[in-house]
Amino acid sequence: MQFRQQALSKLQSPEELDLPVRLARPRGLLTLAVTLLAMAAGALWATTGYVDSNVSAPGVLTYGQGSYVVQSPVAGQVTAVLAKEGGRVAADAPLVKVRRADGRTDVVRALAAGRVTSLAATIGSVVTTGSDVAAVERTAHAHDPLVAMLYVPASGGASVAPGQPVDLTLPSVPEGTYGVLRGTVKAVGRTTRTRRQIAAFLGDDQLAARFTRGGQPVAVLVTLDASRSTKSGYAWSSPAGPPFALTSMTPADGSVRVARQHPAEWLLP
């Protein structure tokens, strides 16, 4: 009771009426300033920023014409391999020689001009009729541009359309150093692709098995943005990109930007 009376007497004392009143401590003012700054930054981002909606899919760098697998028309032993992996071949160029059981020799030839991506036949190996001999990518010229073929899950294929930008991450290129490869959707398949169809286009059954692991996907053709200032000849998110050229059949993971929205669009009806 004594303390209460002292407090009341101080409040009623006229000489203390001109003392300043402390509304907040310095620490409270700092907290208030930080809160107001955060609110202002949030409001600015809501009006000028944006959020991307992306669809991710695995894929591979290749040529737009696809690949084909050369099979032996006869059974016998391989006596000569006339092509090299990575080398170019013309249409009807000899690939391997196969000696039949009766002593006659047949020459297995390329079906169309392109680049040999793999050779299954080796000298001395025995092949049967229909055995895979080689896989060849169709290319008309040595400097044909690469494209990316993405295999988008069927659930996300409907949101992908020509003209949408694509970022491609290559496992062989450190993203932290050289960034991502830039591209643009050129075409979207109208139907899903089976494992056999993908293997026939890429000439690689293992890749086809990987791309169909979660079901039959939609094929999306992506053109790579060209650049004269990079060693690879394509545009990257970094100024120069990697200091080497790109090769076909390089695995890639694509991220297709299917939509861009301002955060304010979520808040306003």
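In this text the structure is predicted, and so the values were computed from the model without any measurement.

### Focus: the packing of aromatic side chains
Okay, step 1: This model, assessed by the stated rule, comprises one aromatic pair.
Okay, step 2: Both rings, one in Tyr151 and one in Phe211, keep their centres 4.9 Å apart while their planes meet at 20°; by these two values the pair is stacked. With Tyr151 in strand β10 (residues 147-152) and Phe211 in helix α6 (residues 205-211), this pair connects stretches of sequence that are 60 residues apart. Across this residue pair, the class does not change: Tyr151 and Phe211 are buried.

### A short note on the nonpolar core
Okay, step 1: Leu150, Leu168, Leu170, Leu181, Leu224 and Leu246 are the most contacted members of the largest nonpolar core, which totals 23 residues.
Okay, step 2: Residue assignment for this core shows that the elements contributing at least two residues are β1 (51-62), β10, β11 (165-169), β12 (181-192), β13 (218-224) and β14 (251-261).
Okay, step 3: What Leu246 contacts, discounting residues up to four positions off in sequence, is Leu61, Leu146, Leu170, Leu181, Ser232, Tyr234 and Trp236.
Okay, step 4: Judged by nonpolar contacts, the second largest core, of 18 residues, contains Ala83, Leu95, Ala110 and Val116.

### Re the confidence of the model for the chain
Okay, step 1: The predicted model of the chain averages 85 in pLDDT, with 80% of residues at 70 or higher.
Okay, step 2: Mean pLDDT values over the elements of the chain span from 50, in helix α7 (residues 264-267), up to 97, in β11.

Cut-offs applied
- Residues numbered from 1 in each chain as written.
- Predicted model: local features only at pLDDT ≥ 70, side-chain atom pairs only at ≥ 80, totals over all residues.
- Heavy atoms only, no water.
- Phe/Tyr/Trp six-rings, centres within 6.5 Å; stacked < 30°, edge-to-face > 60°.
- Helix = DSSP H or I, 4+ residues; strand = E, 2+ residues; numbered from the N terminus.
- Buried < 20%, exposed > 50% of the residue type's maximum accessible area, 1.4 Å probe, protein only.
- Core = buried A, V, L, I, M, F, W, Y, C linked by side-chain atoms within 4.5 Å.
- Contact = heavy atoms within 4.5 Å.
- pLDDT = per-residue confidence, 0-100.

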